[in-house]
Amino acid sequence: QAQLVESGGGLVQPGGSLRLSCAASGSIFRINAMGWYRQAPGKQRELVATIISGGSTNYADSVKGRFTISRDNAKNTVYLQMNSLKPEDTAVYYCNADLRPGWNTYDRIYWGQGTQVTVSS
């Protein structure tokens, strides 16, 4: 089995920056894509950004120009650089990976435990 562990959340003032990290470990044969989702209180979980193995990225309109997703394939780690943070970015951020645990298994979706990001003055 694979595991995803996030880090980097916290409290930041509006206009500030945070960098989230998510490391995948355990049984990993191939990672197809990694990404970040978020869930604010009383709202559904939503896509923030994704990056596929070839490096192509996709962003929610609400974060375009402010957030940057990147990936270190050698470390099986994905990052989310968040700049110009707004109070509406406050949420629990979840790491997501579409990966194949073993050469003879199927692709599966894995989730991290989530990390809280709070943007407030």
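The preceding data block contains the structure.
Residues numbered from 1 in each chain as written. Predicted model: local features only at pLDDT ≥ 70, side-chain atom pairs only at ≥ 80, totals over all residues. Heavy atoms only, no water.

Here we come to the pairing of strand β9 (residues 91-100). Most of β9 sits inside the fold, with 7 of its 10 residues counted as buried. Examined bridge by bridge, strand β4 (residues 30-39) and β9 share 9 bridges and lie antiparallel to one another. Each bridged residue has a counterpart across the sheet, and for Arg30 the counterpart in β9 is Arg100. Relative to strand β11 (residues 115-119), β9 is paired through 3 bridges, and the arrangement is antiparallel. Counterpart to Val92 in the pairing with β11 is Gln116. Across 4 bridges, the pairing between β9 and strand β10 (residues 108-111) is antiparallel. Residue pairing in the sheet places Asp98 in a bridge with Ile109 of β10. (Buried < 20%, exposed > 50% of the residue type's maximum accessible area, 1.4 Å probe, protein only. Helix = DSSP H or I, 4+ residues; strand = E, 2+ residues; numbered from the N terminus. Pairing = 2+ DSSP bridges.)

So, on to the sheet that holds strand β1 (residues 2-7). With antiparallel pairing, the 4 strands of this open sheet are ordered in space as β1-β3-β8-β7. A strand with exactly one partner marks an edge of an open sheet, and here the two such strands are β1 and β7 (67-72). Averaged over neighbouring strand pairs, the angle between their axes works out to 15 degrees when direction is ignored. Examined bridge by bridge, β7 and strand β8 (residues 77-82) share 6 bridges and lie antiparallel to one another. Bridge pairing links Arg71 to Val78 in β8. (Axes fitted to C-alpha atoms, helices over the stretch in contact; angles between N-to-C directions.)

Before going further, it helps to examine the environment of Gly112. Assignment of secondary structure puts Gly112 in the loop between β10 and β11. According to the relative accessible area criterion, Gly112 is buried, its value standing at 12%. Taking the C-alpha atoms as reference points, Gly112 and Ala24, 88 residues apart in sequence, are found 9.0 Å from one another. With near-sequence residues (within four places) excluded, Gly112 lies in contact with Leu4, Glu6, Tyr94 and Cys95. (Contact = heavy atoms within 4.5 Å.)

Time to look at unusual backbone geometry. One non-glycine residue, Asn76, lies in the positive phi region at around 50 degrees. Inspection of the secondary structure puts Asn76 in the loop between β7 and β8. Phi angles above zero are rare outside glycine, and Ser84 is one such case at about 50 degrees. Note that Ser84 resides in the loop between β8 and β9.

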